[in-house]
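One letter stands for each residue in the lines below.
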Amino acid sequence: MSGGNLVPTVLVVDDEASIRTLVEYNFSRSGFLVEGVADGKTAYDILSTDARKYDLVVLDLMLPGMDGMEVCRRLRQEGVKIPIILLTARDEEVDLVLGLELGADDYVTKPFSPRELVARARAVLRRSEAKESEAKPNAAGKVLRAGRIVLDVARHEVRVDGVLMDFTPKEFDLLQYFMENPEHVLSRDQLLDRVWGYSSATDTRIVDVHVSHLREKIEEDSKNPVYIRTVRGIGYKFTEGVSAK
């Protein structure tokens with residue numbers, strides 16, 4: 001955890017004092033260290049200066065001044081990889097798609113269950129820690145290939161036809177899992193468990209959104225995919241002769 005502390009530290013960003021207090025209280029009673037701020041600019045200044053102090057950000061979308069989308073976008077552009085869970089009062093597909101595309105790790109729609117939010121936070125943190133521990137001994141020299149696609153685990157890079165592509169952290173994780181499990185039919189629940197770290201049922205739209213964006217980046221025709229194929233009623237399958245070295 002941050003700064004060698006075994007207790008995870010969460011930054012809660014919400015301009016509604018009642019919601020911020022509720023979230024802070026539930027994280028605190030669940031064993032987290034918690035700090036709260038009321039606006040996006042303050043959150044951005046704190047995280048861009050010393051993100052290592054925190055393990056997770058719970059970020060409201062609708063904030064005064066700099067909104068949550070802009071905070072997320074700027075942090076990811078600067079290479080800040082801290083996990084981010086978005087809070088949104090609007091259950092609109094455009095908000096979900098944009099937030100995930102900008103690099104958020106998960107989202108929770110208001111009104112929400114504080115217990116569910118804490119559970120989602122634990123899942124995000126588990127996945128983040130697992131990726132770090134797996135990368136240390138195994139990442140060096142590992143390259144996955146499939147047709148036009150080359151995924152370099154150590155460099156955290158994806159090239160399509162030799163062109164370096166821009167992937168969010170979760171898109172990279174999902175593509176890596178697909179390429180490590182070629183020709184396997186993977187259900188949405190299975191993908192949620194292995195890529196997002198959820199052990200219980202949740203909204204599978206997050207998987208479909210990420211698959212859609214992966215197709216736009218790796219397929220010649222995203223409407224007629226060659227690599228990530230839909231298996232009707234089950235999930236997805238990655239094809240095209242993947243090899244690892």
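Undergrad: How would you sum up the sheet that holds strand β10 (residues 185-187)? Please name residues and give values.
TA: With antiparallel pairing, the three strands of this open sheet are ordered in space as β10-β12-β11. Edge positions in the sheet fall to β10 and β11 (228-231), since each has one partner strand and no second. With strand direction ignored, the average angle separating the axes of adjacent strands in the sheet is 35 degrees. Here four bridges tie β11 to strand β12 (residues 235-238), and the two strands are oriented antiparallel to one another. Looking at β12, one finds that Ile228 is bridged to Phe238. Running over the sheet, helix α6 (residues 169-180) touches β10, β11 and β12 and is turned about 65 degrees from β12. Those strands touched by helix α8 (residues 205-218) are β11 and β12, and its axis lies near 145 degrees from that of β11.

Undergrad: Break down the sheet that holds strand β3 (residues 56-60) for me, with residues and values.
TA: Strand order in the open sheet formed by five strands is β2-β1-β3-β4-β5, with parallel pairing between adjacent strands. Looking along the sheet, the strands with just one partner apiece sit at the ends: β2 (33-37) and β5 (106-109). Each neighbouring strand pair of the sheet contributes to a mean axis angle of 20 degrees, computed without reference to strand direction. Across four bridges, the pairing between strand β4 (residues 84-88) and β5 is parallel. By the bridge assignment, Ile85 is partnered in β5 with Asp106.

Undergrad: Lay out the pairing of β3 in plain terms, naming residues and giving numbers.
TA: In terms of residue burial, β3 counts as a mostly covered element, since five of its five residues are buried. A two-sided burial pattern is seen for β3, the buried positions comprising Leu56, Val58 and Asp60 on one face and Val57 and Leu59 on the other. Pairing analysis gives four bridges linking strand β1 (residues 9-13) to β3, with the strands arranged parallel. If you follow Leu11 over to β3, its bridge partner there is Val57. Relative to β4, β3 runs parallel, the two sharing four bridges.

Reading guide: rules and limits
Residues numbered from 1 in each chain as written. Predicted model: local features only at pLDDT ≥ 70, side-chain atom pairs only at ≥ 80, totals over all residues. Heavy atoms only, no water. Pairing = 2+ DSSP bridges. Helix = DSSP H or I, 4+ residues; strand = E, 2+ residues; numbered from the N terminus. Axes fitted to C-alpha atoms, helices over the stretch in contact; angles between N-to-C directions. Contact = heavy atoms within 4.5 Å. Buried < 20%, exposed > 50% of the residue type's maximum accessible area, 1.4 Å probe, protein only.

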